[in-house]
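# Coordinate analysis (summary)
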Amino acid sequence: MLSQLLLLFGFFSLVLVSVYWINRAISLFDQLIGDGQTALVFLEFTLLALPYVIMTVLPISAFVAAIYVTNRLSSDSEMVVLQTAGASSTRIARPVVYFGVIVAVLVAILAHVLVPAARSELSGRSAEISRDITARFLKEGQFIHPASGITVYVRGITALGEMEELFLEDDRDPDAKVTYTAERALLVRGDTGPRLVMFDGLAQTFRPKTGRLTTVEFEDFAYDIGALIRQGGAGIRDLRELPTDVLLNPSQADLDGARGELADFLYEAHDRVARSLLAIVVPVMGFAALMVGGFSRFGVWRQVVLAVTMIIGVQLVANSSEEVARGDARLFWMAYLAPVVGTVLTALLLFASQMRRFRGRDTSVDMAQPGGAQI
């Protein structure tokens, strides 16, 4: 049974990861290729996003594998043979528990090691790309928006990197809308960052409140685009890229760098542990739900619906506890509420399936007594 669970778990994981990964790759392709990045950068970003996708998919694959294997064993009457031989529901569930522990170890490795490392690298690479102002500006024949309120158009770019017929509109200040046009322009490095030097152009400033338009001709003018890089840069660290030990004992610098509260740090750390524990509960819950019902020629769709409903309920508990725990650092333990609720539901299902077997056995004994109707 354990070998069948692992085999189908690998198959379903491969299918689901492929679907999630393709969806993620499509959005990344539009974003990166549209920003002038190469195919190697696109491949790097999709690979760095893969650990988080795998961590999300593994519990789902484990649940589906447990449902499929349990249903197949029941359909082939192998489950009936085990129960007739005296094996209890908890005894039959033992391979499913071992399977859940294996999945939990994989989820723990991903949550504590691979996902933070991948997201940290992804954040660093994203910051590098955001600082690559050349790739964001040097696009001929397109209106681009390197930052909020900024519009740039370049008619052509020479082999030396000189821009011809530049249009730049700065609409960040609601009181003054500035439009620059220049015959040619260059990107140069300055003390405070890169600068856009425009030659033979015109600067038009329109003030909506007064309705006045001011124009200034210039032979050369330097526009500071280093501010755009600092504005569009990452700056704020994502909690998911921090190591677990940092989340459990954050310094003031860590709190300032992520702009998060202590409650957010503690919940993120304990949620990683809770994910691993939930990976054990999910497949056992699917197995227990199918063990509750007896044989039916209509199949086990009712038990499957019950299992899916319980999984949705456990997820709702996780979402609700997250909202509460992130508001108070003392309530970090609520991250474990979903695994606890799932464990209780699973235990109740196994107990119900065991009691159903006992009632069925008592009924068969009574019918075999003298004077009882035997069929």
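Higher on the page you've got the structure.
Report follows, based on the coordinates. On a predicted model such as this, the values are computed, not experimentally measured, just so you know. Every chain is numbered on its own, with residues counted from 1 as its sequence reads. It should be noted that, the model being predicted, local features are given only for residues of pLDDT at least 70 and side-chain atom pairs only at 80 or more, the latter also being counted only at that level, while totals for whole chains, interfaces and linings use all residues. To obtain the side-chain values, all non-hydrogen atoms of the structure were used and water was disregarded.

### Let's talk about the nonpolar core
- Residues belong to a common nonpolar core when they are buried Ala, Val, Leu, Ile, Met, Phe, Trp, Tyr or Cys residues joined through side-chain atoms within 4.5 Å. Each residue gets one of three labels from its accessible area relative to the maximum for its type: buried under 20%, exposed over 50%, partly exposed in between, using a 1.4 Å probe on protein chains only. Among the nonpolar cores identified, the biggest contains 41 residues, and F9, F99, V103 and F287 are the most heavily contacted of them.
- Numbering of helices and strands runs from the N terminus; a helix is a DSSP stretch of H or I covering at least four residues, while a strand is a stretch of E covering at least two. Breaking this core down by element, the ones donating at least two residues are helix 1 (2-34), helix 2 (39-75), helix 5 (94-131), helix 10 (262-292), helix 11 (301-325) and helix 12 (337-367).
- A per-element tally of this core places helix 10 first, with 11 residues.
- Throughout, a residue-residue contact means that at least one pair of heavy atoms, one from each residue, lies within 4.5 Å. Dropping the residues within four chain positions of it, F99 is found in contact with L2, L5, L6, F9, A62, A65 and P283.
- Y180, A185, A203 and I225 belong to the second largest nonpolar core, which has 18 residues in total.

### Let's talk about a nonpolar patch on the surface
- Patch rule: a residue counts if its relative accessible area is over 30% and it has no salt bridge; like charges are joined within 9 Å, and nonpolar side chains (Val, Leu, Ile, Met, Phe, Trp, Tyr) within 5 Å. Each accessible area value is a Shrake-Rupley result obtained with a 1.4 Å probe; residue values ignore everything except the protein chains displayed when judging cover. Salt bridges are counted wherever a side-chain nitrogen of Lys or Arg sits within 4 Å of a carboxyl oxygen of Asp or Glu. A surface patch of nonpolar side chains, amounting to about 580 Å² of accessible area, comprises V97, Y98, V101, V105, I109, V113 and L114.
- Among the structural elements, V105 can be located in helix 5.

### Comments concerning unusual backbone geometry
- Located in the positive-phi region is E165, a residue other than glycine, with phi close to 55°.
- Relative to the helices and strands, E165 resides in strand 3 (residues 163-170).
- Phi angles above zero are rare outside glycine, and D200 is one such case at about 50°.
- Within the secondary structure, D200 sits in strand 5 (residues 193-207).
- The partly exposed category is assigned to D200, whose relative accessible area is 44%.

### Examining the pairing of strand 2 (residues 150-157)
- Of the pairings in the sheet, the one linking strand 1 (residues 143-144) to strand 2 comprises two bridges and is antiparallel in character. Bridge pairing in strand 2 places I144 opposite V152.
- In short, DSSP must find at least two bridges between two strands for them to pair. Sheet analysis places strand 2 next to strand 3, joined by seven bridges and oriented antiparallel. Paired with G156 across the two strands is E164, which belongs to strand 3.
- From the end of strand 2 to the start of strand 3, which pair antiparallel, there are five residues, and G161 there has a positive phi angle of about 85°.

### Things to note about helix 11
- An expected span of 1.5 Å times one less than the residue number is assigned to each helix. Here helix 11 is 25 residues long and its end C-alpha atoms lie 36 Å apart, about the 36 Å a rise of 1.5 Å per residue gives.
- Burial in helix 11 covers these residues: Q303, A307, M310, V314, A318, S321 and A325.

### Concerning the pattern of salt bridges
- On inspection of all chains with the given rule, the structure shows 12 salt bridges.
- Between K209 and D175 there is a salt bridge, with its nearest N and O atoms 3.4 Å apart. Placement of K209 in the loop between strand 5 and strand 6 (212-224) and of D175 in the loop between strand 3 and strand 4 (177-190) is noted, with a sequence separation of 34 residues between them.
- Here R272 and E268 are joined by a salt bridge, their closest N and O atoms 3.8 Å apart. Here E268 and R272 lie together in helix 10, a separation of four residues that amounts to about one turn.
- Overall, E268 belongs to the buried group, its relative accessible area being 11%.
- If you follow the salt bridges from partner to partner, you end up with D264, E268, R272, E322 and R326 in one network.

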